[in-house]
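# Inside the fold
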Amino acid sequence: MDTFLIERDMLWDAFSTTLTLAALSGVIALVLGTLIAALRVSPYLPLRSVATAYTEFLRNTPLTIVFFFYVFVTPSIGFTFSYRVAAVIALSCYTSAFVAEAVRSGINSVAVGQAEAARSLGMSFRQNLFIVVLPQAFRTAIPPLISVFIALVKNTSVAGAFSVFELFAMSRRLTNVYSADVIAILIGVALCYLIICIPLGQLAGHLERKVAFAR
C-alpha cells in the first residue's frame with residue numbers, strides 16, 4: 001500500500017511537471033513567436049534580419065543542444081537557472097521559432113488589400129499589424145499552432161535528461177525498479193501524454209470549425 005501511494009504521488013508529480021512545463025512554455029512561446037513573426041514582416045531590414053536569423057537558427061538546432069546551452073553553458077557566463085527554469089526557457093525559445101513561422105504564414109495569407117486599406121486610413125505599421133492583420137492571421141494559423149503545441153508537450157520529455165522529474169524521467173526510474181513491467185509502464189506514460197495531447201487536437205478541430213463558420 002505504501003509503495004502504491006509513493007508511485008501514485010510520483011506519477012502526479014511527473015504529470016503536473018510535464019503539464020506545467022508545456023503550459024508555461026506554450027504561453028511564452030506564443031507571445032515571443034508572435035513578436036518574432038511581427039519583426040519578420042517589419043519594413044526595417046535589420047529587424048527582419050535578426051528575426052530571420054533567430055528563427056532559422058533555432059528551427060535547425062536540436063532541442064537537446066538548446067537545453068545543454070541553458071543548463072550548462074549559461075552558468076559559465078554568469079546566468080544560473082534552476083533546472084526547471086532552464087527547461088522552460090529552452091522549450092520557450094525553441095518552440096517560439098516554430099510559432100513565428102506559423103504566425104508568419106498566417107500573416108502572408110491575409111489579403112494585401114487589407115493592409116493597404118489600413119494604411120490609407122493613416123494607420124502606422126504597428127497599428128496595421130496588431131489591429132488589422134494579426135487578428136485575421138491567427139484564424140489561419142490556428143491548426144499549425146495547435147500542432148506546434150502538441151509537439152511542445154512531447155518535447156518536454158527532453159527535460160527528463162536534464163534533472164527535471166517529468167513523465168519521461170519517471171518512466172526511466174520506474175523501469176529501473178520494475179524491469180519486468182516495462183511495457184505496462186511505457187503504456188501508462190504514453191496514456192499520460194495522450195491525456196494532454198488529445199484535448200489539444202479536439203480544441204484545434206473546434207477552433208477550425210468556428211473560424212470556418214465565421215468566414
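Remember, it's a predicted structure, so these values are computed and weren't measured experimentally.

## What about the packing of helix α4 (residues 83-109) against helix α6 (residues 125-155)?
Where α4 meets α6, the closest approach of the two axes is 7 Å, and the angle between their N-to-C directions is 140 degrees. Viewed along their axes, α4 and α6 adopt a mutual orientation that is oblique. Where α4 crosses over α6, the two elements pack in a sense that is right-handed. In terms of residue class, the contact of α4 with α6 is made up of 18 nonpolar, five polar and no charged.

## Digging into the packing of aromatic side chains
In total, this model carries six aromatic pairs according to the counting rule given. Arranged with centres 6.1 Å apart and planes meeting at 50 degrees, the rings of F72 and F162 form a pair that is tilted. Here F162 lies in the loop between α6 and α7 (167-177) and F72 lies in helix α3 (residues 63-73), a separation of 90 residues in the sequence. Through a chain of ring-to-ring contacts, three or more aromatic side chains come together here, namely F67, F68, F72 and F162.

## Focus on the pattern of salt bridges
Using the criterion set out here, one finds four salt bridges in the structure. The partner of R59 in a salt bridge is E56, with the nearest N and O atoms 3.4 Å apart. Separated by three residues within a single helix, R59 and E56 lie in helix α2 (residues 45-59), roughly one turn from each other. Classification of R59 as partly exposed rests on a relative accessible area of 32%. You can call E56 partly exposed: its relative accessible area is 33%. R59 is the salt-bridge partner of E101, the closest N and O atoms lying 3.8 Å from each other. In this pair, E101 sits in helix α4 while R59 sits in helix α2, placing the two residues 42 residues apart along the sequence. For E101, a relative accessible area of 17% corresponds to the buried category. Each of R40, E56, R59, E101 and R104 takes part in one network of salt bridges that share partners.

## Details of the nonpolar core
When a protein is soluble and globular, its nonpolar side chains tend to lie buried together. Core analysis: the biggest nonpolar cluster contains 39 residues, and F67 and I107 have the highest contact counts within it. If you list the elements that add at least two residues to this core, you get α1 (2-40), α2, α3, α4 and α6. Top contributing element to this core by residue count: α4, with 13 residues. Every residue in contact with I107, bar those within four places of it in the chain, is listed here: A37, V41, L129, V133, L134 and A137.

## Digging into the packing of α3 against α4
Running from N to C, α3 and α4 point in directions that differ by 135 degrees, and their axes come no closer than 9 Å. Judged by the inter-axis angle, α3 sits oblique to α4. As α3 packs across α4, the resulting crossing turns out to be right-handed. Note on element contacts: α4 touches α3 through Y83, A86, A87, I89, A90, L91, C93 and Y94, opposite L63, V66, F67, Y70 and V71. The residue inventory of the contact of α3 with α4, partitioned by class, reads 13 nonpolar, no polar and no charged.

Calculation rules
- Within each chain, residue numbers correspond to sequence positions counted from 1 in written order.
- Totals for whole chains, interfaces and linings use all residues, but because this is a predicted model, local features are given only for residues with pLDDT of at least 70 and pairs of side-chain atoms are given and counted only at 80 or more.
- Note: side-chain values were computed over all heavy atoms of the structure, leaving out hydrogens and water.
- The convention used is that axes are lines fitted to C-alpha atoms, helices contributing only their stretch in contact, and that angles between N-to-C directions extend from 0 to 180 degrees.
- Counting from the N terminus, the helices are the DSSP runs of H or I reaching at least four residues and the strands are the DSSP runs of E reaching at least two.
- Oblique is the label for any angle not under 35 degrees, not over 145, and not in the 65 to 115 range, which are roughly parallel, roughly antiparallel and roughly perpendicular in turn.
- By convention, the crossing between two helices is left-handed when the near helix turns anticlockwise from the far helix through less than a right angle, and right-handed when the turn is clockwise.
- Charged means Asp, Glu, Lys or Arg here, nonpolar means Ala, Val, Leu, Ile, Met, Phe, Trp, Tyr, Cys or Pro, and polar covers whatever is left, Gly included.
- Whether two aromatic rings pair depends on their centres lying within 6.5 Å, for rings of Phe, Tyr and Trp, where Trp uses its six-membered ring; planes under 30 degrees apart make the pair stacked, over 60 edge-to-face, and the rest tilted.
- Each salt bridge in this description consists of a side-chain nitrogen of Lys or Arg and a carboxyl oxygen of Asp or Glu lying within 4 Å of one another.
- Buried residues are those whose accessible area, probed at 1.4 Å on protein chains only, stays under 20% of the maximum for their type, while exposed residues exceed 50% and partly exposed ones sit between those limits.
- By nonpolar core we mean a set of buried residues, namely Ala, Val, Leu, Ile, Met, Phe, Trp, Tyr and Cys, connected to one another through side-chain atoms within 4.5 Å.
- We call two residues in contact whenever any of their non-hydrogen atoms come within 4.5 Å of each other.

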